[in-house]
Amino acid sequence: MEAKDLSAVVDMIDRDVELTVALSFTGEPEPAARFVGDEQVLGYLTGVFTNMATIDFVDERVSVTADGATSFRQANGDFTTADGRPYRNAYVVRLDGHEGRLPRSRSTATRSPTARPSAIRPADARPRPGRHSVPRGPCAVPNRE
């Protein structure tokens, strides 16, 4: 993410990957957005990479479940938008792994007062009804290289 390396993301994700942005921007329990399949997830990330001049996660903490199937990354975001505004959120990201790939990711963040969520969401992506993810198989914790 920090290197904005889309090809590295392609190598890590499953073709049927699901990415859920769990924080609701309306206060409702439904997630803000769900992206299903590599095309939608890569479209979302392309929007993030385009709309953020810098992406930096600080104060990181990574935890892995005892079975190694799921990892959690907690960090503060110290981002800058393309137009130079600070974009600072606190993130918790759940990564479920299966056969060395990421089939599911769920991200929760506190809202930044300078954030405009619609600015990083592609126009053709629609929120999807929620489904629970079940950890499956070993999960490799991505490094920051």
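Please refer to the structure higher up on the page.
K.L.:
Whenever I open this one, the sheet that holds strand β8 (residues 90-98) confuses me. Can you help?
P.N.:
The strands making up a sheet are joined through hydrogen bonds of the backbone, oriented either antiparallel or parallel. The mixed open sheet is built from 6 strands, whose spatial order is β2-β1-β9-β8-β5-β4. Where the open sheet ends on each side, the last strands, each with one partner, are β2 (33-36) and β4 (57-64). Strand-to-strand twist across the sheet, computed as the mean angle between neighbouring axes with direction ignored, equals 15°. Against the sheet, helix α2 (residues 38-51) engages β1 (13-21) and β2, with an angle of about 55° to β1.

K.L.:
Help me understand the sheet that holds strand β7 (residues 86-87), please; the structure alone is not making it clear to me.
P.N.:
One open sheet accounts for 3 strands, arranged β3-β6-β7; its pairing is antiparallel. The open sheet is flanked by β3 (52-54) and β7, the only strands paired with a single partner.

K.L.:
Mind showing me how you'd approach the nonpolar core here?
P.N.:
As a rule of thumb, soluble globular proteins bury nonpolar side chains together. One finds Phe-35, Tyr-44, Ile-55, Phe-79 and Tyr-91 to be the most contacted residues of the largest nonpolar core, which totals 25 residues. With sequence-adjacent residues up to four places away left out, Ile-55 is seen in contact with Met-1, Glu-2, Lys-4, Val-48, Phe-49 and Phe-79.

K.L.:
How should I be thinking about the pairing of β4 in this particular structure?
P.N.:
Each regular strand shows side chains that alternate between the opposite faces of the sheet. Summarising the sheet, β4 and strand β5 (residues 70-77) pair through 6 bridges and their orientation is antiparallel. Of the residues in β5, the one forming a bridge with Phe-57 is Gly-77. Counted along the chain from β4 to the antiparallel partner β5, the turn is 5 residues long, and its residue Gly-68 has a positive phi close to 75°.

K.L.:
What exactly am I supposed to notice about α2 here?
P.N.:
Given 3.6 residues per helical turn, the α-helix brings residues three or four places apart onto the same face. With 14 residues, α2 ought to run about 20 Å at 1.5 Å a step, and its terminal C-alpha atoms sit 20 Å apart, in line with that. Along α2, the residues that are buried comprise Gln-40, Val-41, Leu-42, Tyr-44, Leu-45, Gly-47, Val-48 and Phe-49. The inward-facing, buried residues of α2 contact α1 (6-12), β1, β2 and β3.

K.L.:
Sorry if this is basic, but what is going on with the packing of aromatic side chains here?
P.N.:
We describe a pair of aromatic rings using the distance from one ring centre to the other and the angle between the two ring planes. Tallied over the entire structure, the rule returns 5 aromatic pairs. Considering the side-chain rings of Phe-57 and Phe-79, the 5.3 Å spacing of their centres and the 85° angle between planes classify their relative orientation as edge-to-face. You can see Phe-57 sitting in strand β4 and its partner Phe-79 sitting in strand β6 (residues 79-81), a full 22 residues away along the chain. For Phe-57, a relative accessible area of 9% translates into the label buried. Exposure remark for Phe-79: the relative accessible area of 4% places this residue in the buried category. Ring-pair connections join several aromatic residues into one group, and the members of that group are Phe-57, Phe-79, Tyr-87 and Tyr-91.

How each quantity is defined
- Residues numbered from 1 in each chain as written.
- Predicted model: local features only at pLDDT ≥ 70, side-chain atom pairs only at ≥ 80, totals over all residues.
- Heavy atoms only, no water.
- Pairing = 2+ DSSP bridges.
- Helix = DSSP H or I, 4+ residues; strand = E, 2+ residues; numbered from the N terminus.
- Axes fitted to C-alpha atoms, helices over the stretch in contact; angles between N-to-C directions.
- Contact = heavy atoms within 4.5 Å.
- Core = buried A, V, L, I, M, F, W, Y, C linked by side-chain atoms within 4.5 Å.
- Buried < 20%, exposed > 50% of the residue type's maximum accessible area, 1.4 Å probe, protein only.
- Expected span 1.5 Å × (residues − 1).
- Phe/Tyr/Trp six-rings, centres within 6.5 Å; stacked < 30°, edge-to-face > 60°.

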